[in-house]
Amino acid sequence: QLFFSYFKELVGKEVTVELKNDLAIRGTLHSVDQYLNIKLENTRVVDQDKYPHMLSVRNCFIRGSVVRYVLLPQDGVDIDILHDATRREARGG
Amino acid sequence: RVWRSQDTKLSSTSATAKPFRKNPQISHAPRPETLALCFVPTTVPMAPGLKRFTDVAGDGTPRLDDAAGEELVCVERAASVALGSRAPEPPGTLFITTRRVIWLSEAEKGRGYAVGFLDITLHAVSRDPEAYPSPCLYTQIEAEADSDEEDGDLDSEADSDSQLPKISEMRIILADAAQLDSLFDAFCHCAELNPDPTAEENEDSDLFHGEGMTNGGWIHGDEDEHMVDGIDPEFFIPNPIGQNGGDDLSSSVLEVCID
């Protein structure tokens with residue numbers, strides 16, 4: 001549940017979600033669930049050439065299973081905290 | 001100009017009234033990935049994505065997989081679908097079930113399409129006229145892995161062939177655009193009902209090595225912006241998450257993050 005907990009902390013921040021089909025969508029993280037399904041607000045497509053029809057939509061729901069990356073704002077990530085948390089997790093707490 | 005269908009009595013829908021039509025290919029284990037094809041009369045190899053749908057009961061409603069617990073969630077009359085870059089079909093009825101989205105044409109009985117929520121990778125309300133002339137629910141559909149072709153000529157499909165050219169985008173246009181937000185919510189709800197089966201199997205296993213999703217990937221990021229040099233290799237050791245049995249990690253993280 002580490003990712004779920006972490007993503008909940010990112011709610012309200014700008015993220016870019018890159019899907020497995022190479023589509024990248026930028027928006028404000030509205031919510032995330034245990035399957036890492038992601039809802040974004042004020043979304044816009046990063047690479048408009050590939051999906052020109054999907055310009056700015058208000059809200060977008062992305063299935064967790066098709067997400068390749070979630071790109072985080074640099075100032076939205078405290079690397080040290082995350083690093084410690086994941087190390088604790090990897091060691092079994 | 002509002003189109004309304006008459007006489008579709010959902011209270012006596014075939015979902016409960018008619019017996020499930022036995023198909024020897026169906027196993028009774030409710031595996032979501034088999035449900036999408038259960039009702040296609042012609043024998044079709046399993047494949048993801050949008051399919052023709054023709055299993056319609058006498059009252060014009062789709063036959064659902066009662067045995068697997070498929071239920072109707074909502075119905076939108078006066079709904080049209082536009083597949084890929086094709087023009088919208090003439091209006092029909094949209095049936096949202098706990099497993100699938102089914103659209104049946106009103107004008108052409110027996111013409112319909114269905115796609116499982118497992119294959120709907122993204123959905124959004126589109127109101128930007130530059131993106132599409134009508135407000136609609138925009139959806140992306142997981143096509144077959146080896147598909148290169150986008151929309152072929154649907155009309156050239158032999159009628160017995162229920163396979164469609166690889167449709168990766170579908171728009172749903174409602175006569176009443178104000179209903180789009182609740183349709184969006186219905187799609188969210190049903191998507192949450194249909195988590196990836198491999199995700200469920202791996203629920204107790206290490207997310208870093210799990211199937212799909214954002215395992216580890218977001219730590220890599222692009223341009224190593226978010227990568228810390230010398231990130232501890234322990235990070236990638238497979239260990240079940242959430243099975244430390246001791247500390248509540250999530251609250252530890254939360255506490256630390258609070259300023």
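Residues numbered from 1 in each chain as written. Chains lettered and ligands numbered in written order. Predicted model: local features only at pLDDT ≥ 70, side-chain atom pairs only at ≥ 80, totals over all residues. Heavy atoms only, no water.

A closer look at the overall build of chain B
Within chain B one finds six helices and eight strands. The proportion of buried residues among the 259 residues of chain B is 46%. (Helix = DSSP H or I, 4+ residues; strand = E, 2+ residues; numbered from the N terminus. Buried < 20%, exposed > 50% of the residue type's maximum accessible area, 1.4 Å probe, protein only.)

What to know about the pairing of strand E5 (residues 112-116) of chain B
All names here are of chain B. Judged by how many residues are buried, E5 sits mostly within the fold: five of five residues are covered. Here E5 shows no split at all, with Gly112, Ala114 and Gly116 on one side and Tyr113 and Val115 on the other all buried. In this structure, strand E1 (residues 51-52) lies alongside E5, joined through two bridges in antiparallel fashion. Across the sheet, Lys51 pairs through a bridge with Ala114, a residue of E5. The antiparallel pairing of strand E4 (residues 100-105) with E5 creates a hairpin that spans six residues between the two strands, and Gly110 there sits at a positive phi of about 90°. (Pairing = 2+ DSSP bridges.)

Topic: the state of the cysteines
Linking two cysteines covalently through their sulfur atoms gives a disulfide. Evaluation of the coordinates by the stated rule reveals zero disulfides over all chains. Cys188 of chain B takes part in no disulfide bond, and the closest cysteine sulfur to it belongs to Cys60 of chain A, at a distance of 9.2 Å. Since its relative accessible area comes to 2%, Cys188 of chain B is described here as buried. (Disulfide = S-S within 2.5 Å.)

Section: unusual backbone geometry
Residues and elements named next belong to chain A. One non-glycine residue with positive phi stands out, namely Asp22, at about 80°. Non-glycine residue Asn42 carries a positive phi angle of around 50°. Structurally, the position occupied by Asn42 is in strand E3 (residues 38-45).

Focus on the pairing of strand E4 (residues 57-62) of chain A
Bridge count between E3 of chain A and E4 of chain A: five bridges; the pairing is antiparallel. Bridge pairing links Leu40 of chain A to Cys60 of chain A in E4 of chain A. With three bridges joining them, E4 of chain A and strand E6 (residues 120-126) of chain B adopt antiparallel strand pairing. Counted as the bridge partner of Phe61 of chain A is His123 of chain B from E6 of chain B.

Thoughts on the pattern of salt bridges
Taken as a whole and assessed by the stated rule, the structure comprises ten salt bridges over all chains. In this structure, Arg63 of chain B and Asp55 of chain B form a salt bridge, with 2.7 Å as the shortest nitrogen-oxygen distance. The shortest N-O distance in the salt bridge between Lys109 of chain B and Glu106 of chain B comes to 3.5 Å. The class for Lys109 of chain B is exposed, based on a relative accessible area of 66%. Residue classification places Glu106 of chain B among the partly exposed residues on the basis of a relative accessible area of 29%. In this structure, a network of salt bridges that share partners links the residues Glu14, Arg26 and Arg44 of chain A. (Salt bridge = Lys/Arg side-chain N within 4 Å of Asp/Glu carboxyl O.)

Some details on the side chain of Thr16 of chain A
All names here are of chain A. Here Thr16 lies in strand E1 (residues 14-19). For Thr16, a relative accessible area of 8% gives the class buried. Among the polar contacts listed, one links the side chain of Thr16 to the side chain of Arg26, at a separation of 2.8 Å. (Polar contact = N/O pair within 3.5 Å; in protein donor to acceptor, adjacent residues only side chain to side chain.)

Section: helix H1 (residues 2-9) of chain A
The buried count for H1 of chain A comes to six of eight residues, which makes it a mostly enclosed element. Within H1 of chain A, the full set of buried residues consists of Leu2, Phe3, Phe4, Ser5, Tyr6 and Phe7 of chain A.

Notes on helix H2 (residues 79-90) of chain A
The first and last C-alpha atoms of H2 of chain A sit 16 Å apart over twelve residues, in line with the 16 Å expected at 1.5 Å per residue. The positive-phi residue at the C-terminal boundary of H2 of chain A is Gly92 of chain A, with phi of around 85°. (Expected span 1.5 Å × (residues − 1).)

Quick notes on the environment of Lys39 of chain A
Position of Lys39 of chain A among the secondary structure elements: in strand E3. Note: C-alpha distance between Lys39 of chain A and Ile62 of chain A (23 residues apart in sequence) is 6.2 Å. The contact partners of Lys39 of chain A, leaving out residues within four places of it in the chain, are Thr28, Leu29, His30, Ser31, Cys60 and Phe61 of chain A together with Cys188 of chain B. (Contact = heavy atoms within 4.5 Å.)

Re the confidence of the model for chain A
Taken as a whole, chain A shows an average pLDDT of 84; of its residues, 90% reach a score of 70 or greater. Per-element mean pLDDT across chain A ranges from 77 in H2 of chain A up to 93 in strand E2 (residues 24-32) of chain A. (pLDDT = per-residue confidence, 0-100.)

Details of the environment of Val101 of chain B
All names here are of chain B. When you line up the elements, Val101 lands in strand E4. Of the residues examined, Val101 reaches a relative accessible area of 3% and is grouped as buried. Expressed as a C-alpha distance, the spacing of Val101 and Phe117, which sit 16 residues apart in the sequence, is 7.0 Å. Those residues within four positions of Val101 in sequence are excluded, and the remaining contacts are Leu94, Phe95, Ile96, Tyr113, Ala114, Val115, Phe117, Ile120 and Phe187.

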